[in-house]
Amino acid sequence: MATEMSCVWMRRILLRPNPPMPSQFLNHSPPLLIPLVSSHRLSFSTATAACSLPDTLATVDDDASSTPPFTSPNKSSKVLLKGMRYHELEKWVQSQGYRPGQAMMLWKRLYGNDVWAHHSDQLEGLNKDFRKMLSENAEFKALCLKEIVTAADGTRKILFTLEDGMVIETVVIPSHSTRNTVCVSSQVGCGMNCQFCYTGRMGLRRHLTAAEIVEQAVFARSLLTSEVGDITNVVFMGMGEPLHNIDNVIKAADIMVDDQGLHFSPRKITVSTSGLVPQLRRYLRESKCALAVSLNATTDEVRNWIMPINRKYNINLLLQTLKEELRFKNNYKVLFEYVMLAGVNDSIEDARRLADLVQGIPCKINLISFNPHSGSHFRPTSNEKMIEFRNYLAGAGRVVFMRPSRGDDQMAACGQLGKPGEIQAPMLRVPEKFKMATQVVV
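Residues numbered from 1 in each chain as written. Predicted model: local features only at pLDDT ≥ 70, side-chain atom pairs only at ≥ 80, totals over all residues. Heavy atoms only, no water.

Trainee: Which residues make up the overall build of the protein, and what values do they have?
Mentor: For the protein, the helix and strand inventory stands at 10 helices and 16 strands. Within the protein, the proportion of its 442 residues that are buried is 54%. Taking as baseline every contact in the protein between residues at least 6 positions apart, the subset at least 24 positions apart corresponds to 68%. Taken as a whole, the protein presents about 19,100 Å² of accessible surface, with 49% of it coming from carbon and sulfur. (Helix = DSSP H or I, 4+ residues; strand = E, 2+ residues; numbered from the N terminus. Buried < 20%, exposed > 50% of the residue type's maximum accessible area, 1.4 Å probe, protein only. Contact = heavy atoms within 4.5 Å. Areas by Shrake-Rupley, 256 points an atom, 1.4 Å probe, with all protein chains shown as cover.)

Trainee: Pulling in residues and values, what's your account of the packing of aromatic side chains?
Mentor: If you walk through the whole model with that rule in mind, you get 8 aromatic pairs. Ring centres of Y86 and W107 lie 5.4 Å apart, and the angle between their planes is 80°; on these two criteria the pair is classed as edge-to-face. Residue Y86 is found in helix α1 (residues 86-95), and its partner W107 is found in helix α2 (residues 100-111); the two are separated by 21 residues along the sequence. The exposure class assigned to Y86 is buried, which follows from its relative accessible area of 17%. Between F160 and F219, the ring centres sit 5.2 Å apart and the planes meet at 45°, which makes this aromatic pair tilted. (Phe/Tyr/Trp six-rings, centres within 6.5 Å; stacked < 30°, edge-to-face > 60°.)

Trainee: Describe the pairing of strand β5 (residues 144-150), with residues and values.
Mentor: Relative to strand β6 (residues 156-161), β5 runs antiparallel, the two being bridged by 6 bridges. Bridging from a neighbouring strand, V149 pairs with K157 of β6. From the end of β5 to the start of β6, which pair antiparallel, there are 5 residues, and G154 there has a positive phi angle of about 95°. (Pairing = 2+ DSSP bridges.)

Trainee: How would you summarise helix α9 (residues 348-357) if you had to cite specific residues and measurements?
Mentor: Considered for burial, the residues of α9 that qualify are D350, A351, L354 and A355. Viewed end-on, α9 has its buried residues packed into an arc of 135°, placing them on one side of the element. Against β14 (334-340), β15 (363-369) and α10 (383-395) lie the buried residues of α9. (Arc of directions from axis to C-beta.)

Trainee: Explain unusual backbone geometry to me, using residue names and the numbers behind them.
Mentor: The phi torsion at W116 lies on the positive side, around 50°, for a residue other than glycine. Within the secondary structure layout, W116 lies in the loop between α2 and α3 (128-137). Relative accessible area serves as the criterion here: at 11%, W116 is assigned to the buried category. Despite not being glycine, N193 has its phi angle at roughly 55°, a positive value. Here N193 is to be found in the loop between β9 (187-189) and β10 (204-207).

Trainee: Describe the nonpolar core, naming the residues involved and giving the relevant values.
Mentor: L106, L134, F196, Y283, L322 and F336 are the most contacted members of the largest nonpolar core, which has 114 residues in total. Of the residues forming this core, the biggest block, 8 residues, is contributed by helix α4 (residues 210-228). If we ignore the near neighbours within four places in the chain, the residues touching Y283 are L243, I246, I250, V271, C289, A290, L291 and Y332. (Core = buried A, V, L, I, M, F, W, Y, C linked by side-chain atoms within 4.5 Å.)

Trainee: Describe the packing of α4 against helix α5 (residues 246-257), naming the residues involved and giving the relevant values.
Mentor: The geometry of α4 relative to α5 is characterised by a closest axis approach of 8 Å and an angle of 40° between their N-to-C directions. Here α4 is positioned oblique relative to α5, judged by the angle of their axes. For α4 against α5, the interelement crossing comes out right-handed. Between α4 and α5, the contacting residues are A210, I213, V214 and A217 on the first element and N248, V249, K251, A252, I255 and M256 on the second. (Axes fitted to C-alpha atoms, helices over the stretch in contact; angles between N-to-C directions. Parallel < 35°, antiparallel > 145°, perpendicular 65-115°, else oblique. Left-handed = near helix turned anticlockwise from the far one by under 90°.)

Trainee: So what's going on with the environment of A396? Which residues, and what values?
Mentor: Topologically, A396 is positioned in the loop between α10 and β16 (400-403). Sequence spacing of A396 and Q359 is 37 residues, and the spatial spacing of their C-alpha atoms is 10.0 Å.

Trainee: Explain the pairing of strand β11 (residues 233-236) to me, using residue names and the numbers behind them.
Mentor: Two faces, one strand: in a regular strand the side chains alternate between the faces of the sheet. Of the two faces of β11, the one holding N233 and V235 and the one holding V234 and F236 are both buried throughout. Bridge count between strand β8 (residues 181-183) and β11: 3 bridges; the pairing is parallel. Looking across to β11, one finds that T181 is bridged to N233. For the segment spanning β11, α5 and strand β12 (residues 269-273), crossover handedness is right-handed. (Right-handed = clockwise from strand over helix to strand, strands pointing away.)

Trainee: Provide a residue-level description of the packing of helix α6 (residues 277-286) against helix α8 (residues 315-326), including the pertinent values.
Mentor: At a minimum axis distance of 10 Å, the contact between α6 and α8 shows a crossing angle of 20°. Comparing their axes, α8 and α6 come out roughly parallel. Handedness of the α6/α8 crossing: right-handed. The residues of α8 that touch α6, namely those facing V277, L280, R281, L284 and R285, are L317, L318, T321, L322, E324, E325 and L326. By residue class, the composition of the contact of α6 with α8 is 7 nonpolar, 1 polar and 4 charged. (Nonpolar A, V, L, I, M, F, W, Y, C, P; charged D, E, K, R; others polar.)

Trainee: Go over a positive patch on the surface with me, naming the residues and quoting the values.
Mentor: Taken together, R179, K268, K333 and K364 make up a surface patch of like positive charges. Here K333 shows up in the loop between α8 and β14. For K333, a relative accessible area of 48% gives the class partly exposed. (Patch = residues over 30% accessible without salt bridge, like charges linked within 9 Å, V, L, I, M, F, W, Y side chains within 5 Å. Salt bridge = Lys/Arg side-chain N within 4 Å of Asp/Glu carboxyl O. Lys, Arg positive; Asp, Glu negative; His and termini not counted. Charge placed at Lys NZ, Arg CZ, Asp CG, Glu CD.)

Trainee: So what's going on with the pattern of salt bridges? Residues and values would help.
Mentor: Across all of its chains, the model carries 22 salt bridges by this definition. Taking the shortest distance from any N to any O, the salt bridge between R403 and E337 comes out at 3.8 Å. Separated by 66 residues along the polypeptide, R403 in strand β16 and E337 in strand β14 bring together distant segments of the chain. Taking the relative accessible area as the measure of exposure, R403 reaches 25% and is therefore partly exposed. Taking relative accessible area as the criterion, E337 reaches 5% and is therefore assigned buried. Ionic pairing is found between R352 and D356, a salt bridge with its closest N-O pair at 3.0 Å. Highlighted residues: R352 and D356, both in helix α9, separated by 4 residues, approximately one helical turn.

Structure representation (structure tokens):
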């Protein structure tokens, strides 16, 4: 299949067809590199990027719907249980002629009581007729375990195969304290094309369903609790831009916090975003869970390059939105993530600007070391310089932490997940003044 290779990330194109798939999946549309602009004509520039966007063009649709081919509908006629909030499950159970109490017993076997049922044979204690009805009408599993890879530091990367044959990655990060974290994916690939992120090379293949998101946490607990201890925290920082799939992400988070089920604290579930402003507003209004904003730059010039979403929602708009929305939240702090790229965003002048930018926003700042990957031209900031950067921010009164890399020897660290195919989102042209820092030959 012929494709236009100039600015492929910006335009909707079909990827190379996959190998032959089982007949039950043949109705799926081929995966896409999702455009971050409308279908209007693009303007091209040779100044700072391979493709520049007119200000009037949208980098992401404001209404990121879960329509085909971006989601994978359940091809079975059976109801997928882990795709429902409790009140939805209760209503469905009643529609099958059973009482609400049966729904609660089922819910606890799906998510609580250390059962984490993946099929009807694991429903001991439930009415025999009810179990028979479930085996005939309900589907328990949304994911199929493919592989678990253990890094030298104990981090586990779990690979799951989806119904349509695609693969996602989930990371479990153990701690010496009582805090153990599961990092879940929200999409197959990602359409944001952040230049420092390996997942971004994939483009967006599709959104994950709420069931596919929730079951990552269920599997993490059922597979690894005995090894690492209780999984206490969830971060939506795996593959994908969570707020681009906001309907399913909010639903998944609602299921995770239910106190009769997985019972995660809302304060211990953190959803990260690159800065989709309309969806960010909605998330802060509808969800009680925590928010992380991947900032990574202190000027629009740099952020336009390393995070193209900034061309639609620039730094000022993003931060002003946070200030406006946080007025209505009590005792709520945003986590700003800042991946440090040597010679790009790690100067003391950047530290000064960052301290000024977040002034007036209740927040914490996480400084993250860049994790190298194939094809990247960035380098990690030295530990000494990260400490200097941190100390400046702390001296300016900001709450700041340095987050160590975990699992990087197995490509399980921040920005390393996924497996790009032959057709990838392009690397954007490096601004002239950063070519030495990024080792690009002039």
